[in-house]
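Analysis of the macromolecular model
Here's the letter readout for the chains.
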There are 2 protein chains.
Amino acid sequence: MKVLIVLAHPEPKSLTTSLFNVTVDELKKLGHEVKTTDLYAIKWKATIDADDFPEFDQEKERLVITSESRKAYNERKLTKDVLEEQEKLEWADMLILQFPLWWFSMPAILKGWVERVFSSGLGYGVGYSPKTPHGSRYGEGAFKGKRAMLSITIGAPATNYNKMGVNGDIFDILYPLNHGVLFYPGFDVLEPFLVYRTHRFTEERLQETTNELRERLKNLETEKPIPFRPQNAGDYDLQTLELKPDAISPDKKGLGLRVHLKEQSY
Amino acid sequence: MKVLIVLAHPEPKSLTTSLFNVTVDELKKLGHEVKTTDLYAIKWKATIDADDFPEFDQEKERLVITSESRKAYNERKLTKDVLEEQEKLEWADMLILQFPLWWFSMPAILKGWVERVFSSGLGYGVGYSPKTPHGSRYGEGAFKGKRAMLSITIGAPATNYNKMGVNGDIFDILYPLNHGVLFYPGFDVLEPFLVYRTHRFTEERLQETTNELRERLKNLETEKPIPFRPQNAGDYDLQTLELKPDAISPDKKGLGLRVHLKEQSY
């Protein structure tokens, strides 16, 4: 496979960066081709703004990102840094995002990579047709056929992210990323590779984690992705975009994150 | 009240910015004191890195953000832009974050505001004691007694964010922000102010939305916050940080976001 790995950590000697290095090394050993983007090293511009669209005239026009983004993407008139990332994505069969969980999400620099690189016409706003009135997304889209995986270092222990854990279930916490950032533009999303309790990481745990990561990477091509429901395959009503009532059994309709409320009627 | 409003939108003529302006105007009319931070206007540095800690020696040391952040915060040796935001937060009784929902979360520039301003010793890592072995957080912490609210513009219609909506339930989608970013450091979190279906926003809808927002702002002081469970008040086991089994009735243990999976055993 051709694999693009995007790294978001400011410290070359961090645990996150060392897992990134292990990933590059192991994937090459396995015979994959690897490209990388080290966001901090290249001082990636994290903020999407008018400068992203060189043909846009700030003095005269009102910036509407969706339309400027679409125009600039279609005409290949985005900035060089963004075009390079889009070319890597086009090249890749698989995308790995390697980062520390900061405030229950990806670091700002990586969020800004998504905002700037997943242009309208690429990351969203594609594939409208009479049969797909809301476009090709959630399992379809520009990245259909490619795989993606989050590889995350997390300060707290795993129990804090259990179904009953104080931080909330890790599946739910990562849902905006796995479902919203990766499945939305068409990636098949693999289960994330998660390393918990990263404070005071011993040499022994580093060795264990490294071994676990190397094992995991052997299965990237064949592993079954998270079974998210595609938008346009029948489970959702294509008028309302709501899940059809018969798609889940009534006893499965639950509280989800509302377990963390004092009053469950909220 | 003293209210700090943080705005994250690059376009002064956007709907988001006009709602921000309405908020400032209405709060002043109601007799509140208002301070603002317009992140795009001040070209806020979105990325936390070694430059955030002027006393840190990049050549010699390994950057561990938690410890550098704590040291620099305690000694008030953070950068000027961060210190100014921290002073505004200290001053404020209430924080409002005004932004468009991009990729199911806040814009990178605002995420970077959180990462840089919520230092260790302020936003996290506070209040350890024998009675609070995991610190003062989730309902306690430096911002206890202050209120906070998200004010968000959202492209898609509300039905897409219903319990069965294709994007996922908006309560769950915003949980990493409401619970993880705001409740964690101690804010009482008010229900978000949400404006859906922002594309092709008519003059009539702008008027309606503005009126709705002005009405809502009248109740900021008295409104009941989202009833998140505090960490240290008995609902969570203070060994494991898991919700105690008797805190919710068994019939309420549900699927949550897993409704969006094809196989519910996942």
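What counts as what
- Residues numbered from 1 in each chain as written.
- Chains lettered and ligands numbered in written order.
- Predicted model: local features only at pLDDT ≥ 70, side-chain atom pairs only at ≥ 80, totals over all residues.
- Heavy atoms only, no water.
- Helix = DSSP H or I, 4+ residues; strand = E, 2+ residues; numbered from the N terminus.
- Buried < 20%, exposed > 50% of the residue type's maximum accessible area, 1.4 Å probe, protein only.
- Contact = heavy atoms within 4.5 Å.
- Polar contact = N/O pair within 3.5 Å; in protein donor to acceptor, adjacent residues only side chain to side chain.
- Buried area = accessible area lost by both parts, 1.4 Å probe.
- Salt bridge = Lys/Arg side-chain N within 4 Å of Asp/Glu carboxyl O.
- Axes fitted to C-alpha atoms, helices over the stretch in contact; angles between N-to-C directions.
- Parallel < 35°, antiparallel > 145°, perpendicular 65-115°, else oblique.
- Nonpolar A, V, L, I, M, F, W, Y, C, P; charged D, E, K, R; others polar.
- Expected span 1.5 Å × (residues − 1).
- Least-squares fit on C-alpha atoms with pLDDT ≥ 70 in both.
- Phe/Tyr/Trp six-rings, centres within 6.5 Å; stacked < 30°, edge-to-face > 60°.
- Lys NZ or Arg CZ within 6 Å of the ring centre and 35° of its normal.
- Pairing = 2+ DSSP bridges.
- Right-handed = clockwise from strand over helix to strand, strands pointing away.
- Left-handed = near helix turned anticlockwise from the far one by under 90°.
- Core = buried A, V, L, I, M, F, W, Y, C linked by side-chain atoms within 4.5 Å.

Let us look at the environment of Asn 167 of chain B. Tracing the chain through its elements places Asn 167 of chain B in the loop between strand 4 (147-153) and helix 5 (170-173). Taking the relative accessible area as the measure of exposure, Asn 167 of chain B reaches 2% and is therefore buried. The spatial distance from the C-alpha of Asn 167 of chain B to the C-alpha of Leu 257 of chain B is 9.8 Å, given a sequence separation of 90 residues. Once residues lying within four places of it in the same chain are set aside, the contact partners of Asn 167 of chain B are Arg 137, Tyr 138, Tyr 175 and His 179 of chain A together with Phe 104, Ala 156, Asn 160, Tyr 161 and Ile 173 of chain B. Reaching out from Asn 167 of chain B, the side chain makes a polar contact with the side chain of Tyr 138 of chain A at a distance of 2.6 Å. Side-chain polar atoms of Asn 167 of chain B contact the side chain of Tyr 161 of chain B, separated by 3.4 Å.

Contact residues are listed per partner, giving 85 residues for chain B and 85 residues for chain A. Between chain B and chain A lies a buried interface of about 7,200 Å² when both sides are counted; carbon and sulfur atoms form 61% of it. Put simply, chain B and chain A have zero salt bridges between them. Viewed at the interface, chain A and chain B are joined by 26 residue pairs in polar contact (both at pLDDT 80 or more). Elements represented by at least two residues in the side of chain B that touches chain A include exactly helix 2 (65-74), helix 4 (108-117), helix 5 and helix 6 (175-183) of chain B.

A separate point is the packing of helix 3 (residues 80-91) of chain B against helix 4 of chain B. Residues and elements named next belong to chain B. Here helix 3 crosses helix 4 at 85 degrees, and the two axes come no closer than 10 Å. One element, helix 3, and the other, helix 4, form an angle in the roughly perpendicular class. Contact with helix 3, carried on its side by Asp 81, Val 82, Glu 85, Gln 86 and Leu 89, involves Trp 113, Arg 116 and Val 117 of helix 4 and no other residues of that element. By residue class, the composition of the contact of helix 3 with helix 4 is four nonpolar, one polar and three charged.

Our focus in this paragraph is helix 1 (residues 15-29) of chain B. Residues and elements named next belong to chain B. Taking 1.5 Å as the rise per residue, helix 1 with 15 residues should run 21 Å; its terminal C-alpha atoms sit 21 Å apart, in good agreement. Those residues of helix 1 not exposed but buried are Leu 15, Thr 16, Thr 17, Leu 19, Phe 20, Val 22, Thr 23, Val 24, Glu 26 and Leu 27. Of the residues one or two after helix 1, Gly 31 is the one with positive phi, at around 95 degrees.

Enumeration according to the criterion identifies 32 salt bridges over all chains in this entry. In this structure, Lys 88 of chain B and Glu 85 of chain B form a salt bridge, with 3.2 Å as the shortest nitrogen-oxygen distance. With a gap of three residues between them, Lys 88 of chain B and Glu 85 of chain B both fall in helix 3, about one helical turn apart. Here the two residues Lys 88 of chain B and Glu 85 of chain B agree in accessibility, since each one is buried. Salt bridges here are not isolated pairs; linked through shared partners, they connect Lys 45, Asp 49, Asp 52, Asp 81 and Arg 116 of chain A.

Trans peptide bonds make up the majority, and among non-glycine residues the majority have a negative phi. The phi dihedral of Lys 43 of chain B is positive, around 50 degrees, even though this residue is not glycine. Relative to the helices and strands, Lys 43 of chain B is located in the loop between strand 2 (33-38) and helix 2.

Next up on the list: the relation of the copies chain B and chain A. Taken as rigid bodies, chain B and chain A are interconverted by a rotation of 180 degrees and an axial shift of 0.0 Å, the fit giving an RMSD of 0.0 Å. The superposition of one copy onto the other is thereby described by a two-fold rotation axis. Take the interface residues of chain B: 100% of them recur as interface residues in chain A, which is what a same-surface contact looks like.

Turning our attention to the packing of aromatic side chains. Here the structure, examined in full by the defined rule, presents 30 aromatic pairs over all chains. Ring geometry for Tyr 161 of chain A versus Tyr 196 of chain A: centroids 5.8 Å apart, planes at 40 degrees, classification tilted. Of the two residues, Tyr 161 of chain A is situated in the loop between strand 4 (147-153) and helix 5 (170-173) and Tyr 196 of chain A in the loop between strand 6 (193-195) and helix 7 (203-217); the sequence distance between them amounts to 35 residues. Of the two residues, Tyr 161 of chain A and Tyr 196 of chain A, both sit in the buried class. One residue, Lys 35 of chain A, lies across the ring of Trp 91 of chain A, its end atom 4.6 Å from the ring centre. Looking at Arg 116 of chain B, its charged tip hangs above the ring of Trp 44 of chain B, at a distance of 4.7 Å from the centre.

The next thing to look at is the pairing of strand 2 (residues 33-38) of chain A. Residues and elements named next belong to chain A. Direction of pairing for strand 1 (residues 2-7) relative to strand 2: parallel, over a ladder of six bridges. Opposite Ile 5, over in strand 2, you have Thr 36 as the bridge partner. Taking the sense of rotation as the criterion, the β-α-β connection linking strand 1, helix 1 (residues 15-29) and strand 2 turns out right-handed.

It is worth spelling out the packing of helix 1 of chain B against helix 7 (residues 203-217) of chain B at this point. All names here are of chain B. Running from N to C, helix 1 and helix 7 cross one another at 40 degrees; their axes reach a closest spacing of 10 Å. Put simply, helix 1 runs oblique to helix 7. The crossing of helix 1 and helix 7 is right-handed. Residues Leu 15, Ser 18, Leu 19, Val 22, Thr 23, Asp 25, Glu 26, Leu 27 and Lys 29 of helix 1 form the contact with helix 7, whose own contacting residues are Leu 206, Thr 209, Thr 210, Leu 213, Arg 214 and Leu 217.

In this section: the nonpolar core. The biggest cluster of nonpolar side chains holds 136 residues, and the ones touching the most others in it are Trp 113 of chain A together with Trp 113 of chain B. Leaving out residues up to four positions away in the same chain, Trp 113 of chain B has contacts with Leu 4, Val 6, Leu 39, Trp 44, Glu 85, Leu 89, Leu 95, Leu 97 and Phe 118 of chain B.

A few words now on the pairing of strand 1 (residues 2-7) of chain B. All names here are of chain B. When you tally the buried positions in strand 1, you get five out of six residues, the bulk of the element. Note: strand 1 against strand 3 (residues 94-100), five bridges, orientation parallel. Bridged to Ile 5 within strand 3 is Ile 96.

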